[in-house]
Amino acid sequence: MKPTVATQQEIQRLWSRGEAASSGKRWREAADAFAAIIAHEPGHLPALLKSSTALLQLDSYRGARDSLLAALKLANDHPKLVMELGRKLRTFHEAELLLALVRRSRFVQCNDPRMLTEMALIVSSVGDQELALQLVTQAVRLDPRGAQPRYLRGTVLMFLGRMEEAERELEASIQILPTFAQSHWVLSRLRKWSAEENHVERLRKLLDQAAAGTESEAYFAFALHNELHDLKRFDESWQALDRGCRAKRQIDPYDEAKGRELFEQVKAICTPDFVRSPARRDEYTPIFIVGMHRSGTTLLERILGGHSLVSDGGETYAFTAQLKIASDHKIQHALDMTAAQRLPSANFDAIGRGFIEGSRWRAKGKPFLTEKLPPNLINAGFIAKALPDARILHMVRDPIDTCFSNLRTYFSNAALYSFDQISLANHFGQYRDLMRHWREVMPERLLDISYDGLVMATEPTARDIFGFCGLPFEADALRVERETGAVSTASSAHVRQGILTNRGAAWKPYEPYLQPLLGRLSELGLT
């Protein structure tokens, strides 16, 4: 029924009230105003979008998601609307709907290079690097002097294994904007640098000019560390790394007490009785790959993804997305305390079915799907309870090798513990304790995989992994250097080189500087 004139006037009044409340961040008032508009006119697209924003600010996750999905059904293909929907769909981890929207709307034909670049970044973040490349390539055509599109195109090309093209794009970005710190950082990771070919002096000058405690300082410092490390100039390399870590700690301080409390809460909830779940046969088998960052999880997924029966699902928050719906809470990272406290009363059958339904498109009709998100180690008990058929693979690497690799990796908005040696050692101890808990409460659900075994005795280790997952052995899966498939992680350059056996003890040249880390690991009985 078409609203009456009086209703239209009321809608306008409510809209003005909601807009004013939103501007003042009075989110409850705004949400109520937009809800009233929707009650008058359920198909009011702007009100649905505004309602989604307000409800999310109020941490009413399910209501915010419902408003967004209702808005999506009413949307046309106007680029600005598609852009807004794309941002919101990524927030709610609705990757399948996002990618369908981008393709259906032919967003690649948009004539705004800024929107194309932003959408390419969003699409890349949900794992479709080929579509991201199409979008950002169009942005570069429209704005060949744009540093951001060139940087993103270089990064996506790196994920796709096209390293020479990636290097050209990153250098083009730097020529356009010499102070674009992220381009320098990605370039520093692209390959090994030599005494004859490096950017050390360029990076030194830029680092000297960077403001203290900024992201630029951190990116330049980590880039300089990477190249000096390749040149085996270890004392200088350490000074750069130490500066980068100090800058990152200023930008994103780590709350160690919160991390410890969360681990303890999860262990208290996840008893043997709690994690036990009734049998249920799903249409495909999820394989969760967990562990510390930099423990070999990318290599393991690359091997599994080479199997003919396995779809390589990439690194997503698809399981956390279901926990968000169940807890009605916009969880920070893979899990947070609010969600952990609410989840014991959740419907885990619904969580599991939601995951299977929401990730079906990634399985591509295959009977197995990998889900590689290292921090899912904290969700292992919830995964076991929600998905009775799921396999959980845990990568185990030497404590010092793992911690040092974490220390020298720039995580933009994750693993904040990794920028301080003591916090890093303490987190490693908490992680080891949690994994011990999982082995005690559900030993049959978890397989520990030695990183050293995987790289030094690849075939027998792979046979054990395949057997645990219910897969026949396929030798071709061990060809991780194959050109097919994207690798959208910090290991994207390394894994293309095949299975490397010489990456242990990279910390030894830095031993004098690592005494806080080494001492704390020793105190915890981990070395």
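See the structure above.
Residues numbered from 1 in each chain as written. Predicted model: local features only at pLDDT ≥ 70, side-chain atom pairs only at ≥ 80, totals over all residues. Heavy atoms only, no water.

Trainee: Any chance you could explain the overall build of the protein chain here in plain terms?
Mentor: Counting its regular elements, the protein chain contains 27 helices and five strands. Its C-alpha atoms give the protein chain a radius of gyration of 24 Å, near enough to 24 Å, the size a compact globule of 527 residues would have. In terms of its C-alpha atoms, the protein chain occupies a principal-axis envelope of roughly 75 × 60 × 45 Å. Out of the 527 residues in the protein chain, the part that is buried amounts to 55%. Once local pairs closer than 6 in sequence are excluded, the contacts in the protein chain between residues at least 24 apart make up 72%. Charge centroids of the protein chain, computed over 68 positive and 65 negative side chains, lie 3 Å from each other. (Helix = DSSP H or I, 4+ residues; strand = E, 2+ residues; numbered from the N terminus. Rg over C-alpha atoms; globule rule 2.2 N^0.38 Å. Buried < 20%, exposed > 50% of the residue type's maximum accessible area, 1.4 Å probe, protein only. Contact = heavy atoms within 4.5 Å. Lys, Arg positive; Asp, Glu negative; His and termini not counted. Charge placed at Lys NZ, Arg CZ, Asp CG, Glu CD.)

Trainee: Would you mind showing me how to read the environment of Met395 here?
Mentor: Looking at the element boundaries, Met395 is found in strand S4 (residues 391-396). Its relative accessible area of 0% is what places Met395 among the buried residues. Sequence separation of Met395 and Leu335 is 60 residues, and the distance between their C-alpha atoms is 20 Å. Discounting chain neighbours no more than four positions away, the residues touching Met395 are Val290, Gly291, Ser295, Gly296, Thr297, Leu300, Tyr431, Ile449, Ser450, Tyr451 and Leu454.

Trainee: Help me understand helix H3 (residues 45-57), please; the structure alone is not making it clear to me.
Mentor: Between the first and last C-alpha of H3 there are 19 Å, a value that for 13 residues agrees with the 18 Å anticipated at 1.5 Å per step. Buried within H3 we find Leu45, Ala47, Leu48, Leu49, Ser51, Ser52, Ala54, Leu55 and Leu56. Directly after H3, the chain includes Asp59, whose backbone phi takes a positive value near 65°. (Expected span 1.5 Å × (residues − 1).)

Trainee: Explanation requested: the pairing of strand S1 (residues 285-290) in the structure shown.
Mentor: Both faces of the sheet carry side chains from a regular strand, because those side chains alternate between them. Most of S1 sits out of view: six of its six residues are buried. Where burial is concerned, the two faces of S1 agree: the one with Thr285, Ile287 and Ile289 and the one with Pro286, Phe288 and Val290 are both buried. Inspection of the sheet shows S1 paired to strand S3 (residues 368-372) by five bridges, in the parallel sense. Opposite Thr285, over in S3, you have Phe368 as the bridge partner. (Pairing = 2+ DSSP bridges.)

Trainee: Looking at this structure, how should I read the sheet that holds S3?
Mentor: In a beta sheet, neighbouring strands pair by backbone hydrogen bonds and run either parallel or antiparallel. With parallel pairing, five strands are arranged side by side in an open sheet as S2-S3-S1-S4-S5. Among the strands making up the open sheet, the edge pair consists of strand S2 (310-311) and strand S5 (446-450). Pairing geometry for S4 and S5, over five bridges, is parallel. What sits directly across from Met395, in S5, is Ile449. Contacts from helix H23 (residues 421-441) reach S4 and S5, with the element oriented near 145° to S4. (Axes fitted to C-alpha atoms, helices over the stretch in contact; angles between N-to-C directions.)

Trainee: Hey, could you run me through unusual backbone geometry in this one?
Mentor: Across residues other than glycine, the phi torsion is negative in most instances, and most of the peptide bonds are trans. Positive phi, close to 55°, is recorded for Arg106, a residue that is not glycine. Here Arg106 shows up in the loop between helix H6 (95-104) and helix H7 (113-125). Its identity as a non-glycine residue notwithstanding, His333 has a phi of 60°, on the positive side. The class of His333 is partly exposed, set by a relative accessible area of 48%.

Trainee: Explain the side chain of Arg294 to me, please; I cannot follow it from the model alone.
Mentor: Mapped onto the secondary structure, Arg294 falls in the loop between S1 and helix H17 (297-305). There is no salt bridge for the buried Arg294, and the closest opposite charge comes from Glu315, which lies 9.0 Å off by N-O distance. One polar contact links Arg294 to Thr409, side chain to side chain, over a distance of 3.3 Å. (Salt bridge = Lys/Arg side-chain N within 4 Å of Asp/Glu carboxyl O. Polar contact = N/O pair within 3.5 Å; in protein donor to acceptor, adjacent residues only side chain to side chain.)

Trainee: Could you clarify how one ought to interpret the environment of Cys270 in this entry?
Mentor: Looking at the element boundaries, Cys270 is found in the loop between helix H15 (256-269) and helix H16 (272-275). Judged by its relative accessible area of 0%, Cys270 falls in the buried class. Sequence-wise, Cys270 and Met442 are 172 residues apart; in three dimensions their C-alpha atoms are separated by 9.7 Å.

Trainee: Honestly, the nonpolar core in this entry has me stumped. Any pointers?
Mentor: Most often, soluble globular proteins keep nonpolar side chains buried together rather than apart. With 151 residues, the main nonpolar core has Phe107, Met119, Phe319, Leu335 and Trp438 as its most contacted residues. For Trp438, the residues in contact, after removing those within four places along its chain, are Val266, Cys270, Leu377, Ile378, Ala380, Gly381, Pro443 and Leu446. (Core = buried A, V, L, I, M, F, W, Y, C linked by side-chain atoms within 4.5 Å.)

Trainee: Sorry if this is basic, but what is going on with the pattern of salt bridges here?
Mentor: Any two side chains of opposite charge can pair if their charged atoms end up close together. A complete count under the given rule lists 38 salt bridges for this structure. Linking Arg150 and Glu169 is a salt bridge whose minimum nitrogen-to-oxygen distance equals 3.1 Å. Here Arg150, found in helix H9 (residues 147-159), pairs with Glu169, found in helix H10 (residues 163-176); they are 19 residues apart in sequence, far enough to count as distant. Glu169 carries the same exposure label as Arg150, and that label is buried. As a salt-bridge pair, Arg233 and Glu236 come within 2.9 Å of each other at their nearest N and O atoms. Assessed through its relative accessible area of 31%, Glu236 is described here as partly exposed. Each of Glu201, Arg204, Arg233 and Glu236 takes part in a single network of salt bridges with overlapping partners.

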